[in-house]
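# Observations on chain architecture
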Amino acid sequence: MHAKPFITALLTALFLFLGTSLSKADSPELEYKVKAAFLLNFAKFTAWPLPAENTPGPFTLCVLGTDPFGQSLDGLAEKQINGNNIEIRRTASSAAIGQCRLVFVSKSEQADLQKVLRLTAGHPIVTVSDMEGFAAAGGTIEFKNKEGRLSFIINNTKARMNGLRFSSSLLTLALEVL
Amino acid sequence: MFFSKKKATAAALVCSGCFQAAVAASETNEYLELDLSQLMNITVTSVAKKEQRLSDAAAAVFVITQEDIRRSGVTTIADALAMAPGIQVAKISASKWSVSSRGFAGYTSNKLLVLMDGRSVYSPAYSGVFWDAQNTLLEDIDRIEVIRGPGGTLWGANAVNGVINIITKNATETKGTLVRASAGNGGAMSTAARYGGALSDTISGRLYLTYDRSMSNALKENGEDANDTWKPLQTGFRLDGEPAGNKEWTLQGDLYDNGGDQWVFPHWTGDSPLPSIRDDALDAKGGNLLGRWRQELGNDRALTFKAYYDFNKRSDAVFNLAFDTIDLDLQYETALGGRQNLTMGAGYRSITGDFDETFQVYLPDRSDELHSAFLQDEINLVADRLWLTLGSKYEHNDYTGSEWQPSARILWKPADRHSLWTSVARAVRTPAIVEQHGRVLMGRYPASLGTTPIGIGDINFTGNPDFDSEIVTAYEAGHRWQATDTLSFDLALFYNDYDEIYTAQPVQSGLDIDSVFVNAQSGSGRGVELAADWKPRSWLSFALAYSHLEMDLTTDAAVGSQAGSDWVTKASPRHQVSLRSSIALAENWRLNLWLRHVDTISGRNSTNLLGDSRLLDAYTLLDANLIWTPFRELEVMLAGQNLLDDGQVRYLSEYQTPATEIERGVYGKVTWRF
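Residues numbered from 1 in each chain as written. Chains lettered and ligands numbered in written order. Predicted model: local features only at pLDDT ≥ 70, side-chain atom pairs only at ≥ 80, totals over all residues. Heavy atoms only, no water.

Taking an unreviewed UniProt entry as the reference, chain A is identified by name as YfiR family protein belonging to Desulfobulbus propionicus.

Right, let's talk about the environment of B:His548 for a bit. Residue and element names in this part refer to chain B. Tracing the backbone shows His548 in strand 29 (residues 540–555). Spatially, the C-alpha atoms of His548 and Gly86 are 7.7 Å apart, while their sequence positions differ by 462 residues. Setting aside residues no more than four positions away along its own chain, His548 makes contact with Arg526, Gly527, Val528, Arg574 and His575. At a separation of 3.2 Å, a polar atom in the side chain of His548 contacts the main-chain carbonyl oxygen of Arg574. (Helix = DSSP H or I, 4+ residues; strand = E, 2+ residues; numbered from the N terminus. Contact = heavy atoms within 4.5 Å. Polar contact = N/O pair within 3.5 Å; in protein donor to acceptor, adjacent residues only side chain to side chain.)

Residue and element names in this part refer to chain A. Enumeration over the complete set of coordinates arrives at one disulfide over all chains. The residue that forms a disulfide with Cys62 is Cys100, at a sulfur-sulfur distance of 1.9 Å. Residues Cys62 and Cys100 are joined by a disulfide whose S-S torsion is about -100°; by sign, that bridge is left-handed. Taken as a pair, Cys62 in strand 2 (residues 59–64) and Cys100 in the loop between strand 4 (84–91) and strand 5 (102–105) lie far apart in primary sequence, 38 residues in all. The exposure class assigned to Cys62 is buried, which follows from its relative accessible area of 1%. (Disulfide = S-S within 2.5 Å. Buried < 20%, exposed > 50% of the residue type's maximum accessible area, 1.4 Å probe, protein only.)

This brings us to the nonpolar core. In this structure, B:Phe104, B:Phe319, B:Phe323, B:Leu363, B:Val434 and B:Tyr651 are the most contacted members of the largest nonpolar core, which totals 45 residues. Every residue in contact with B:Phe319, bar those within four places of it in the chain, is listed here: B:Tyr126, B:Phe130, B:Arg314, B:Thr358, B:Tyr655 and B:Gln656. Core analysis: the next-biggest nonpolar cluster, separate from the first, contains 41 residues, A:Ala36, A:Trp48, A:Val128 and B:Leu32 among them. (Core = buried A, V, L, I, M, F, W, Y, C linked by side-chain atoms within 4.5 Å.)

Residues and elements named next belong to chain B. Judged by side-chain charge, Asp324, Asp354, Asp356 and Asp365 come together as a negatively charged surface patch. If you trace the backbone, Asp354 turns up in strand 18 (residues 340–355). Overall, Asp354 belongs to the partly exposed group, its relative accessible area being 44%. (Patch = residues over 30% accessible without salt bridge, like charges linked within 9 Å, V, L, I, M, F, W, Y side chains within 5 Å. Areas by Shrake-Rupley, 256 points an atom, 1.4 Å probe, with all protein chains shown as cover. Salt bridge = Lys/Arg side-chain N within 4 Å of Asp/Glu carboxyl O. Lys, Arg positive; Asp, Glu negative; His and termini not counted. Charge placed at Lys NZ, Arg CZ, Asp CG, Glu CD.)

Quick look at the structure:
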């Protein structure tokens, strides 16, 4: 059967290709553009306790630590949450996050994670991060990369203790609800 | 390959209306306009980058998502396929369907390749799919990719008019327990359970068990019970591991034992010229084990190895067959010089068939091998605007020897919201065992010499060792247009040039007539398929699918009459429309409606295949269901199928099944996830 030599040749060619190796970086830009859009949606589907919602003034969305978003967050300033404009604050100090409704905790804060969680405990602040194990540790929402696509884990137990409520559609879409 | 698991994810992106994903805007963040489910469909890692650019495959692709399945209220995979444009789904009885793509409908419809998680379920006995044996837990299906048109370059023989990829979820996505129970009219019920969890930090798994009992329908002739209850019992597992970020593996398997009842009609026994009707039991058993290993090698290179073993056994009054299949498949993808993506692969398949003769069918025991290799290169001619994909598959099989299946595809994105594609491809359907070496009793007649009866003659479909592959050369074009953020269109046009299509040539052999399989039809199939998606409000969505099909086939005059060709061209509807709507009535309530209209077709008189065909009326189906989700863990569904009519005959089986009216169905279902 003359198929075999053909296939042998092809397999040989195939393994020759395996020999060469170059490396190309991922596109963090795309990833954080999409994550920025996730943040907007998280805010839309979260209910904060009444006093806070009634408080006029901007919706404060904070980035704690090294900002991985760059310009991709800027478009959020044109959006509104519950009729309030969004104000983006970038801060290096966890002491400042008491003013935030939603905080993205950058990976740079890994070492200070316990401190951040202690400061937000009992306050209606949505904490979001892409640190591994963030939700299990007591953070509100953790980004998960599943086969190249983004999903998220929600720690609903902790969120409810802090007075936050999520819409069922957000909980339904979550990869896991703790 | 542009139909690979990951790239098809990107195709799903197209179809769910998130075209913007591929738009590169430097200043603003265009993703801010998307909703969560759209965002969750975007691939963001390096593997994905390639996929994203390919988000529009240069082919007619439609993706049926898990959400589509859930909202449609369908209870079988075959019924779900009716959501796709270009696909003809006609239920013959509770356990039998005619599922075809771009024509050539039939219970033994043979020009559509079907894969479950990469495992071919196309039967080499008669070149078709026994849909009653293709089950899994519906909730575990991630998506069904429906690709119309030839897929021979990637998938090999028999993907003449389409490929259906049924893809189940990764085990990391099915954690927790699911329990489902439903009951309906006509004795319908279903029960299912699944448990999934993490076995370690890097390994997840699930186990499932399903048992269904379909409702029975009614005979057209006298309204009596059609005796078509079908009872599939199936269990299976899937393990997924990700030992490192660039390595992943899957091990999965299923076991099934499907029983049920059927009338076999016409059933030819003894020497009677008259067909009998036989009360018969359905019995299909089988199982499979599949393993897949994928490793990213950096620089957009990846290696995938897949192997599976499949066995299936079917014993009833018509078929008594058992198959063992071993399949090995290696695939390698690499970027080449920044502008090219090369995909190549090699495969081996061994198929052993073991048959017992029944009154109707004789097949010799067979042991066959299939060797294949393919190469496909995708070239980005103009950055982010124009791509050319060239490729071919080479196969060597034990029936016709060597087969080449080349294709060329062009994708052009003239503007951010538009993509246009065109392609030309050749695909073949290789002979089934029956066509070269089998015999099927199709009828009996009282033979006479003048007016003197001289005995009973058999009419047999008879195998022909010289029977060759059927060939299609397909010319296709399409346009995808994201008109607004909430409205998208997907149009496909095709012209299929068919050659060497099978028919049977009557040859007198004593009193018997042997209808010998020959490649003696040629002609064309032409059509238009449109899918539109509109989400005017966050709580309201519509999905429209329209298909138009024109066929012309001619039988070589030296071989036989034109009647056979005419019947084939009329066995598929010229027009089909499907409109689905999903309405969130309140936070926890959702109403889903599905309206389908199928044009008139011809059915064959199975007791007299040489006689006239019968016209089957056009019909309109309305399915509706109401889903109530009182809390996250619980879902209650009340569903109605075929609500406008008591029942209608949707297809007349060429043989085996008496005309059956598919009746109205109503069921209630409770699903509990925790």
